[in-house]
Amino acid sequence: MHEFIIDFHFMHIKDNLEALYREIPPCVKIVAVSKTHPVERIREAYEAGQRLFGENKVQEMTAKQPLLPDDISWHFIGHLQSNKVKYIAPFVSMIQSVDSLKLLAEIDKEAKRNNRVIDCLLEMFIASEETKFGLDPDEARAILSSPAFSTFKNIRIAGVMGMATFTPDERRVRKEFRLLTHCFYALQSEFFSHDKCFHEISMGMSGDYKIALEEGSTIVRIGTAIFGGK
Ligand SMILES: *Cc1c(COP(=O)(O)O)cnc(C)c1O
């Protein structure tokens with residue numbers, strides 16, 4: 001009976017991932033959002049071939065990382081306090097949720113201490129909900145044109161990230177994703193026209209990734225559709 005349950009879960013995650021691999025074009029990265037799920041579930045996804053995982057809490061990410069294989073790429077996707085950057089800087093491959101110059105300066109400092117370059121996305125505010133974090137286009141411009149920014153050698157701005165409003169209104173979600181894509185191209189032409197590293201648009205979760213793909217997403221962040229409900 002016990003064996004059966006383990007098998008069932010294994011099939012479940014593997015099947016979910018394989019369906020996503022079939023559906024999502026290979027040029028789009030799938031971040032398996034493993035927050036709240038135990039390492040055994042992450043290992044099941046790993047066995048199915050998944051190598052990119054996302055967590056939104058520093059403590060949870062640093063607890064799980066040493067228990068899992070080294071060839072996993074960890075993306076941090078939650079709100080990040082500057083004083084906690086040091087805990088993830090030794091291993092994190094991308095921080096998707098950069099929303100201030102202060103945070104970026106801290107990431108640069110800690111990346112340097114670890115002899116690394118850390119990829120970062122600028123988290124843009126696209127939703128109409130008060131609770132979501134993120135920059136507006138002028139705040140992003142202010143960061144990218146600040147004198148401090150030009151001194152950062154250990155971060156690489158790889159693109160933008162955004163979360164749409166949690167709503168069944170697909171037109172609204174599409175409009176918000178379109179805004180993020182527009183924002184990406186505006187920042188690209190203004191600040192990164194000679195920098196191929198700036199190429200990612202991270203948008204789309206379990207409920208809205210299909211719309212996000214139609215609107216130009218290059219990274220989707222999918223939790224529930226892989227691991228099931230909490
Ligand atoms: C939890 C989370 C996701 C994944 O959400 P699902 O609806 O479970 O796919 C994606 N992005 C961020 C920032 C998250 O916190």
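All figures in this text were calculated on a predicted structure; none of them were measured in a lab.

**Q** When you look at the pairing of strand β2 (residues 52–55) in this model, what are you seeing that I'm missing?
**A** Every regular strand shows the same layout, with side chains that alternate between the two sheet faces. The side-chain alternation of β2 yields two buried faces, one formed by L52 and G54 and the other by F53 and E55. Taken together, the two bridges between strand β1 (residues 29–33) and β2 define a ladder with parallel strand orientation. Bridging from a neighbouring strand, V33 pairs with G54 of β2. Chirality of the crossover, the property in question, places the unit of β1, helix α2 (residues 39–47) and β2 among those that are right-handed. As paired strands, β2 and strand β3 (residues 73–76) are joined by four bridges and run parallel to one another.

**Q** Could you clarify how one ought to interpret the environment of K175 in this entry?
**A** Note that K175 resides in helix α7 (residues 170–191). Sequence spacing of K175 and A158 is 17 residues, and the spatial spacing of their C-alpha atoms is 23 Å.

**Q** I keep staring at the pattern of salt bridges and nothing clicks. Help me out?
**A** Where charged atoms of side chains with opposite charge meet at close range, the side chains can pair. Taken as a whole and assessed by the stated rule, the structure comprises 16 salt bridges. With a shortest N-O distance of 3.1 Å, K210 and E23 are connected by a salt bridge. Placement of the pair is K210 in helix α8 (residues 209–214) and E23 in helix α1 (residues 2–23), with a sequence separation of 187 residues. For K210, a relative accessible area of 49% corresponds to the partly exposed category.

**Q** Mind showing me how you'd approach unusual backbone geometry here?
**A** What is expected of a backbone is that most residues other than glycine have negative phi and most peptide bonds are trans. One non-glycine residue, T36, adopts positive backbone phi at about 70°. Take T36: it is sitting in the loop between β1 and α2. For N115, which is not a glycine, the phi torsion comes out positive at approximately 60°. With respect to the helices and strands, N115 occurs in the loop between α5 (101–113) and β5 (118–124).

**Q** In this structure, what is going on with the site of the ligand? I would like to understand it.
**A** Around the ligand lies a shell formed by V33, K35, I77, M163, M205, S206, R221, I222, G223 and T224. S206 places a side-chain nitrogen or oxygen 2.5 Å from an oxygen atom of the ligand. Bound to the protein, the ligand loses 88% of the 390 Å² it would expose on its own.

Rules and cut-offs
- Residue numbering note: each chain is counted from 1, following its sequence as written.
- Local features are withheld for residues below a pLDDT of 70 in this predicted model, meaning they are given only at 70 or higher, and side-chain atom pairs are given and counted only at 80 or more; totals for whole chains, interfaces and linings count all residues.
- The side-chain values count all of the structure's non-hydrogen atoms but skip hydrogen atoms and water molecules.
- For every residue, the accessible area obtained with a 1.4 Å probe (protein chains only) is divided by the maximum for its type, and the residue is called buried under 20%, exposed over 50%, and partly exposed between those limits.
- Secondary structure elements are taken from DSSP: a helix is a run of H or I of four residues or more, a strand is a run of E of two residues or more, and numbering for both begins at the N terminus.
- In this scheme, strands are said to pair when DSSP sees at least two bridges between them.
- Crossover handedness is defined here as right-handed if the route from the first strand over the helix to the second strand goes clockwise, with the strands pointing away from the viewer.
- Salt bridges are defined by distance alone: a side-chain nitrogen of Lys or Arg within 4 Å of a carboxyl oxygen of Asp or Glu.
- Throughout this document, a residue counts as near a molecule or strand when at least one of its heavy atoms sits within 4 Å of that molecule or strand.
- Polar contact is defined as a pair of N or O atoms within 3.5 Å, subject to the rule that within protein one atom must be able to donate a hydrogen and the other to accept it, and that residues adjacent in sequence are counted only when both atoms are side-chain atoms.
- Exposure was quantified through the Shrake-Rupley algorithm and a 1.4 Å probe, taking into account, for residues, occlusion by the shown protein chains and nothing else.

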